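Summary of the model geometry
Single-letter residue listing:
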Amino acid sequence: MNCRRARKLLTGVSGAGSGADPELARHLASCAECERFAERWTEVRDGLKGRLTTLTPDAGFAARVTARLGPPADPFVWAARRLVPVTLALTLVLGGWCLLRTPAPSSLADELADGDLLTWVASDEEEQR
């Protein structure tokens, strides 16, 4: 048996018994560190047995703790704060995409150079139909 397993058995972490295991007793007899650990663990456990019943809080404890905590956080505010960077990034990406995909508008001066204003207006109305 190694020291780690022996200490788990002593503290009850592994779910086994405390000291009734003969293999644990042999290990404690051969390992001075684990024997000191077992003695200290027994002292702590025995010292806490009588004091655990006095650790119950008074009736106003829950009210004092709740008063110090303040109001609960609004989940919508939390979600909005988390979504602000995503929204900003999405807006920038979509705005850039729209700028890149939109064809450059033809200049009015170029349109008027090819003909007069009346022809340009008439052709514009025919394209809309």
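Residues numbered from 1 in each chain as written. Predicted model: local features only at pLDDT ≥ 70, side-chain atom pairs only at ≥ 80, totals over all residues. Heavy atoms only, no water.

Points about the overall build of the chain
Along the backbone of the chain there are 7 helices and 0 strands. The secondary structure elements of the chain, listed N-terminal to C-terminal, are α-α-α-α-α-α-α. The buried share among the 129 residues of the chain stands at 8%. Here the analysis covers contacts within the chain between residues at least 6 apart in sequence; of these, 38% occur between residues at least 24 apart. Accessible surface computed for the chain: about 11200 Å², of which carbon and sulfur atoms make up 62%. (Helix = DSSP H or I, 4+ residues; strand = E, 2+ residues; numbered from the N terminus. Buried < 20%, exposed > 50% of the residue type's maximum accessible area, 1.4 Å probe, protein only. Contact = heavy atoms within 4.5 Å. Areas by Shrake-Rupley, 256 points an atom, 1.4 Å probe, with all protein chains shown as cover.)

What about a nonpolar patch on the surface?
Together, Phe 61, Val 65 and Leu 69 make up a nonpolar patch on the protein surface, roughly 290 Å² of accessible area in all. Among the residues examined, Val 65 registers a relative accessible area of 36% and is labelled partly exposed. (Patch = residues over 30% accessible without salt bridge, like charges linked within 9 Å, V, L, I, M, F, W, Y side chains within 5 Å. Salt bridge = Lys/Arg side-chain N within 4 Å of Asp/Glu carboxyl O.)

Observations regarding the pattern of salt bridges
According to the stated counting rule, one finds 3 salt bridges in the structure shown. For Glu 23, the salt bridge identified is with Arg 5, shortest N-O distance 3.9 Å. With Glu 23 in helix H2 (residues 22–30) and Arg 5 in helix H1 (residues 3–11), this residue pair connects regions lying 18 residues apart in the sequence. Taking the relative accessible area as the measure of exposure, Glu 23 reaches 32% and is therefore partly exposed. For Arg 5, a relative accessible area of 41% gives the class partly exposed. With its nearest N and O atoms 3.4 Å apart, the salt bridge here joins Arg 64 to Asp 58. Accessibility expressed as a relative area gives 47% for Asp 58, which makes it partly exposed.

Some thoughts on the side chain of His 27
Within the secondary structure, His 27 sits in helix H2. When sequence neighbours within four positions are dropped, the list of residues in contact with His 27 reads Met 1, Asn 2, Cys 3, Ala 6 and Cys 34.

Comments concerning the packing of aromatic side chains
Under the criterion given, the structure shown has 1 aromatic pair. Taking 6.4 Å as the distance between ring centres and 10° as the angle between the ring planes, the aromatic pair formed by Phe 37 and Trp 41 counts as stacked. With a gap of 4 residues between them, Phe 37 and Trp 41 both fall in helix H3 (residues 32–49), about one helical turn apart. When its relative accessible area of 30% is taken as the criterion, Trp 41 is described as partly exposed. The ring of Phe 37 has Arg 7 lying over it, and the distance from NZ or CZ to the ring centre is 4.9 Å. (Phe/Tyr/Trp six-rings, centres within 6.5 Å; stacked < 30°, edge-to-face > 60°. Lys NZ or Arg CZ within 6 Å of the ring centre and 35° of its normal.)

Description of the confidence of the model for the chain
Across the chain, the average pLDDT comes to 78, with 67% of residues at 70 or higher. Below pLDDT 50 for its whole length, residues 15–19 participates in 6 contacts with residues either more than four positions away or in separate chains. (pLDDT = per-residue confidence, 0-100.)

Structural notes on the nonpolar core
The biggest cluster of nonpolar side chains holds 9 residues, and these are Ala 6, Leu 9, Leu 10, Leu 24, Leu 28, Cys 31, Cys 34, Phe 37 and Ala 38. Elements supplying a minimum of two residues to this core: H1, H2 and H3. Once residues lying within four places of it in the same chain are set aside, the contact partners of Ala 38 are Leu 10 and Leu 28. (Core = buried A, V, L, I, M, F, W, Y, C linked by side-chain atoms within 4.5 Å.)

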